[in-house]
Amino acid sequence: MILGKGKNNPKRNILHCSATTKHITVGNINDYHKTLWHSISNLGSYCGYHFVIDYLGKRYQTREIYEEGMHTIGQNRSSIGICLIMYPDTEAWRYGVEPYMPSREQEISLVKLLKEIEEETRISGISYHRDFTKLKTCPGNLIPASWGRDLIRKGKISFLKRQLFLLRRYLLFLLKKYE
Ligand SMILES: [Zn+2]
């Protein structure tokens, strides 16, 4: 994760959807955003989000953390923009796309990213694009308000379970060694 420096003083993470089919790449988003504006990031991308997670769960950083974003009006100097290649919105039908939810791999990748952001910046949790505008349903009207919270909680529980598993295995090992 590259922190860099700039005009962004992030206070929150903001989730977006790409509103596309699952097959598009971060390169496609870059090309599209290049047609909207011509501000290239310090990382050489036109992409307005700081991070993109593709449908297979692969993460791309397209802006430095402290670089101004181009993703949410009024929040571009106070947030970190994260876009998942997904279209969990019934409006997708209008564009001939079947709505689809994020994949398991994307969920795992997002939890990992949020954990790293928290370690680097102390920012936790995730807001939605639609929390900041009445004009958008982004990240999708099929994503409930509780989705982000639940995902983070599940991520924490599975982390604790893994730690407990390792601890128990170690205790058994010690018991065996000294019995
Ligand atoms: Zn959005």
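In this report, we go over the structure that sits alongside the text.

### Some words on the pairing of strand β1 (residues 12-17)
Burial analysis of β1 places five of its six residues in the buried class, the great majority of the element. The pairing of β1 with strand β4 (residues 79-84) spans six bridges and is parallel. Counted as the bridge partner of H16 is C83 from β4. Relative to strand β5 (residues 127-128), β1 runs parallel, the two being bridged by two bridges. Residue pairing for β5: I14 is matched across the bridge by S127.

### Here we look at the sheet that holds β5
Read from one edge of the open sheet, five strands run β3-β2-β4-β1-β5, paired in mixed fashion. Each edge of the open sheet carries a strand with a single partner, namely β3 (59-61) and β5.

### Points about unusual backbone geometry
For the bond from C138 to P139, the omega torsion is 10 degrees, close enough to zero to count as cis. You can see P139 is positioned in the loop between β5 and α3 (147-178). For A19, which is not glycine, the phi dihedral falls at a positive 55 degrees. Residue placement: A19 occurs in the loop between β1 and α1 (26-36). Phi angles above zero are rare outside glycine, and R122 is one such case at about 70 degrees. Within the element layout of this structure, R122 appears in the loop between α2 (104-121) and β5. What makes R122 exposed here is the crowd of 8 C-beta atoms within 10 Å.

What counts, and at which threshold
Residues numbered from 1 in each chain as written. Predicted model: local features only at pLDDT ≥ 70, side-chain atom pairs only at ≥ 80, totals over all residues. Buried ≥ 20, exposed ≤ 12 C-beta atoms within 10 Å, placed from the backbone. Helix = DSSP H or I, 4+ residues; strand = E, 2+ residues; numbered from the N terminus. Pairing = 2+ DSSP bridges.

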